[in-house]
Amino acid sequence: MDFLKESVRSGMVAIVGPPNAGKSTLMNHLLGQKISIVSHKPQTTRNRILGIVNGDDYQIVLLDTPGLHKARQPLNREMVRIAMESLSEVDAVLYMIDVSLPLPEKQKKKEGQEMLEQMNGVQAPVILLLNKVDLLEKEKLLPMMKRYSELYPFHGVLPVSALTGEGADHLLQELLGLLPMGPRYFPEDMPTDVSERFLVTEIVREKVFLLTGQEIPYSCAVTVESFQEDTIKQMTTIHATIVLERGSQKGIVIGKGGSKLKSIGMAARKDIEKMLGQKVLLKLWVKVKKNWSKDERFLKELGF
Ligand SMILES: Nc1nc2c(ncn2[C@@H]2O[C@H](COP(=O)(O)OP(=O)(O)OP(=O)(O)O)[C@@H](O)[C@H]2O)c(=O)[nH]1
Ligand SMILES: [Mg+2]
């Protein structure tokens, strides 16, 4: 347990903000590998995903969180609860917004108000990240930074691009200045605390997000039935189920002659093989569990 004795800059940092802001993309960038799933659709992340970033003299434990939004349904309420809870247990908060969207004045005001409500009572210093600056006209940046600085006593307002990595070094320096000296809480070769089984369900869910339109992604959960490694053949066989809310959705996910399910399976298998570093046989099933997202017991099974 030598890693616990060392004294480095270490602590926990939550990445929060509205859906689709780029929180998971930033976490993966800082980690240097993909742990958290990403899609162009909002509400991709549903759980708190831990990512552990190590340097010679620091360890930052990042918490990627579900997007903050007005939640009415049980699943969404759980997602927002998870994100809000993370705010009270961290040394610093990264509040991320997408600045590439041209918002009307009224909506900008509303967005600012929501941010203030969410940050109300937060003790930790908050850095505001203006993300997707790669898509922003440069002359818009300074007035924007000024406007946001006046909104809340942020520790800093930093323009970044989670996609290109622009501003990430600066962000890292700012963060290290906020972390206390302490032990490494996790061994250096451990990038996350979630299981490979959980990551498999997330990878399959990401492919459903990417390859199906409209309501399907939000009606989909994924469970792993079996996960068996054959050490001699160096191959893992995984049986997983895509769970949907309504019977009418089954045909869409399976596709003509099974074509959609095949594409989902192929794309997921590629990523799982990369993660496990060996060949994978992935068998996918599609099941309907009526209104699972309102079923407290099933939500518990999914880890909420
Ligand atoms: N151009 C550009 N696109 C970005 C950037 N960061 C993220 N994206 C894209 O924005 C979309 C959303 O990214 P995510 O990382 O899934 O966003 P998120 O905040 O984790 O979203 P939720 O989990 O739904 O709350 C994806 O299509 C990303 O590729 C950026 O800096 N520039
Ligand atoms: Mg996310």
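So, how was this worked out
Residues numbered from 1 in each chain as written. Chains lettered and ligands numbered in written order. Predicted model: local features only at pLDDT ≥ 70, side-chain atom pairs only at ≥ 80, totals over all residues. Helix = DSSP H or I, 4+ residues; strand = E, 2+ residues; numbered from the N terminus. Rg over C-alpha atoms; globule rule 2.2 N^0.38 Å. Contact = placed C-beta atoms within 7 Å. Pairing = 2+ DSSP bridges. Axes fitted to C-alpha atoms, helices over the stretch in contact; angles between N-to-C directions. Domains from an automatic or database assignment. Nonpolar A, V, L, I, M, F, W, Y, C, P; charged D, E, K, R; others polar.

Description of the overall build of the protein
- A tally of regular secondary structure across the protein gives 9 helices and 10 strands.
- The C-alpha atoms of the protein give a radius of gyration of 20 Å, which matches the 19 Å a tight globule of 304 residues would have.
- Principal-axis analysis of the C-alpha atoms gives the protein an extent of 55 × 55 × 35 Å.
- Sequence-distant contacts in the protein: of pairs separated by 6 or more residues, those separated by 24 or more amount to 69%.

Examining the sheet that holds strand β8 (residues 221-230)
- Strand order in the open sheet formed by 3 strands is β8-β9-β10, with mixed pairing between adjacent strands. If you trace the sheet from one side to the other, it starts and ends with β8 and β10 (279-288), each paired once. In this sheet, neighbouring strand axes are inclined to one another by 15 degrees on average, regardless of whether the strands run parallel or antiparallel.
- Of the pairings in the sheet, the one linking β8 to strand β9 (residues 235-244) comprises 9 bridges and is antiparallel in character. Following the sheet pairing, Q228 is matched in β9 by T237.
- Helix α6 (residues 196-211) contacts β8 and β9 of the sheet and is inclined by roughly 130 degrees relative to β8.
- The strands that helix α8 (residues 259-276) touches are β9 and β10; relative to β10, the one it contacts most, it runs at about 135 degrees.

A few points about the domain arrangement of the protein
- Entries for the protein in the domain assignment read domain 1 (2-182) and domain 2 (196-301).
- On a C-alpha basis, the centroid separation for the pair domain 1 and domain 2 is 28 Å.
- The residue inventory of the side of domain 1 that touches domain 2, partitioned by class, reads 3 nonpolar, 4 polar and 2 charged.

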